[in-house]
Amino acid sequence: MTTEPKDDPAGRLFFQSAIFHGTRLPRRPRAKGATIHEPARTIPVFRDCDVLVVGGGPSGTAAAIAAARTGAEVVLLERANHLGGLSTGGLVLWIDRMTDWTGQQVIQGIASDLLDRLPKGAVAGPPRGLWGHADDATAAYWRERTAAFHGIVTWSPTIDPEHLKLAAQEMVLETNVHLILHAWGSVPLMDGNRVTGAVFESKEGRMAIRAQVTIDCTGDGDIFHRAGAASETESDPNDIHSCINTAWMFGGVDMPRWIDFKTSQKDAFSSFMDRGRAACDGLFERPFVSWRDDVALFMGPRLAGYSAIDVEDQTEVEIRSRRLMARHLDVYRTHAPGFANAFLMLSAPQLGVRHARRLVGAGRVTRDDWPTGAVRPDEIGVSPSLSPKFPNISVPYGCLVPTATDGILVAGRAISCDATSHSFLREIPQCWLTGQAAGVAAAVAVGQGVAPRHAPIGPIQAELRRQGALVRTETRAAA
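Residues numbered from 1 in each chain as written. Predicted model: local features only at pLDDT ≥ 70, side-chain atom pairs only at ≥ 80, totals over all residues. Heavy atoms only, no water.

Trainee: Help me understand the packing of aromatic side chains in this model?
Mentor: Given two aromatic rings, one states the distance between the centres and the angle between the planes to describe the pair. Throughout the structure, instances matching the rule amount to 22 aromatic pairs. Where W248 meets F298, the ring centres are 5.6 Å apart and the plane angle is 20°; that geometry is what we call stacked. Here W248 is found in strand 15 (residues 248-251), whereas its partner F298 is found in strand 17 (residues 295-298), with 50 residues between them in sequence. In this structure W248 comes out as buried when scored by relative accessible area, which is 1%. Using a relative accessible area of 0% as the deciding quantity, one classes F298 as buried. Arranged with centres 6.4 Å apart and planes meeting at 80°, the rings of F261 and F272 form a pair that is edge-to-face. With a gap of 11 residues between them, F261 in helix 6 (residues 255-264) and F272 in helix 7 (residues 266-279) connect regions that are remote in the sequence. (Phe/Tyr/Trp six-rings, centres within 6.5 Å; stacked < 30°, edge-to-face > 60°. Helix = DSSP H or I, 4+ residues; strand = E, 2+ residues; numbered from the N terminus. Buried < 20%, exposed > 50% of the residue type's maximum accessible area, 1.4 Å probe, protein only.)

What follows is the structure in structure tokens.
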């Protein structure tokens, strides 16, 4: 069953897209109530460091680089064989808006450093001179290329994931971060209420890393959750941000021809979509552009009712998504202009999760904050708003800090905010933003010998500015 975008009189839903429900796959019963006893054992210490970053997605990559640039000794753990998380392994090739509605790039710093590393053929998007343009023809052109919204051209590039993997890796290594791939950070080390590092699992078995400050960049909040820090999990089950999907790419396509068909033959396009829905039980998606015209990106049908922290839900989404990928290929090759020679290029090796846990933090961004544009005293970055009717959003340091648990910061999509604000604070650029801030704050805390919650905001803001991030004062924001 397909759920179409719904009315939103409160103005809290800004991403309007069809989401998909369906009959669950059969499951074998679990062994209810059964347990085993795991005897105590000695765990070898892999190494000690100033800052341990768990998770090498956008936030973790930025956190590790930023902490090392600030002078800390850093270890970065990543469970996969590459860095970048959803921006690479999840095939989220479309890097969402980094400019505000005037065309000013507000998400800068390491986000810009990474994208500037990409070769010319590995990134596509409007030239700087068009950012903020609102004439109809220009906006219409870039809307079909995922870079214009509300009739305004934005800096929302699409990228080659392989080149972004390489750029992230090289930036991490250049800053002398100790990078460990194929290492799953599993549980925190605790001293009372303070996190003192983490245990990780690998082919070598279970080992520990001790750290002055740990940064949870797992996306799902695995480390802070297991440390006992409070979290929120509620979200609207009929909202796109509650959905999970596996993305994929088709090669051998002609995307300009597809875009011409979609925009100039409205009736034929509508008939094609009806045909696709009938062939795929309603779970039918249209393609997005990628960094090149012969590769199409499908985010995969957005499957509702699944939990990103339930292992069988995760498995079922992967199974359903890959079956749907094959059915999409049949429909597109047979009936879609520009897809006659399409082939299965790649399904994402990483599950497309939007929402799992959100930290209950010392600070928070909520929907009620949007209209004011107020600059927080502890601002660590600036996010574009979701609509031109709202000013830019001030992101406070408190979003990264648990209310009680010490020795740990949180960055990425698990930061402290309400479910509505999470809809944009979870995006790739915002993850770079909060990751860079967490890395700087962790290094400042270590340097001053204080808990992260007591790290002085002045030096954190000054170092973020030195690293190229946009951090305002009230006077600068007003100007």
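Trainee: Can you walk me through the pairing of strand 3 (residues 45-54) in this structure?
Mentor: Remark: a regular strand shows side chains that alternate across the two faces of the sheet. In the sheet, strand 3 pairs with strand 12 (residues 205-216) via eight bridges, with the strands oriented parallel. Looking at the pairing, D48 lines up with R210 of strand 12. Where strand 3 lies against strand 4 (residues 74-77), four bridges are found, and the strand directions are parallel. Paired with V54 across the bridge in strand 4 is L77. You can see the chain leave strand 3, run along helix 1 (residues 58-69) and come back into strand 4, and the turn it takes is right-handed. (Pairing = 2+ DSSP bridges. Right-handed = clockwise from strand over helix to strand, strands pointing away.)

Trainee: In this structure, what is going on with helix 4 (residues 161-174)? I would like to understand it.
Mentor: Three or four residues apart is the spacing at which side chains of an α-helix point the same way, because the helix has 3.6 residues per turn. Here helix 4 contains 14 residues, and its C-alpha end-to-end distance of 20 Å stays within 8% of the 20 Å for a straight helix at 1.5 Å per residue. Buried within helix 4 are the following residues: P161, L164, K165, A167, A168, M171 and V172. Around the axis of helix 4, the buried residues are gathered within 165° of arc, so they sit on the same side. Residues of helix 4 that are buried in the fold lie against helix 1, strand 4, helix 2 (110-116), strand 8 (158-159), strand 9 (178-180) and helix 10 (428-448). Among the residues of helix 4, the N-terminal cap falls to D160, whose side-chain oxygen and the backbone nitrogen of E162 are separated by 2.9 Å. (Expected span 1.5 Å × (residues − 1). Arc of directions from axis to C-beta. Contact = heavy atoms within 4.5 Å. Polar contact = N/O pair within 3.5 Å; in protein donor to acceptor, adjacent residues only side chain to side chain.)

Trainee: Mind showing me how you'd approach the pattern of salt bridges here?
Mentor: Opposite charge on two side chains lets them pair, provided their charged atoms get close. Summed over the entire model, instances satisfying the criterion amount to 31 salt bridges. For R27, the salt bridge is made with D313, and the minimal N-O distance between the two is 2.6 Å. Of the two residues, R27 sits in the loop between strand 2 (19-20) and strand 3 while D313 sits in helix 8 (residues 311-335), which places them 286 residues apart along the sequence. For the salt bridge of R302 with E285, the shortest nitrogen-to-oxygen distance reads 2.6 Å. In this pair, R302 sits in the loop between strand 17 and helix 8 while E285 sits in the loop between helix 7 and strand 16 (288-289), placing the two residues 17 residues apart along the sequence. (Salt bridge = Lys/Arg side-chain N within 4 Å of Asp/Glu carboxyl O.)

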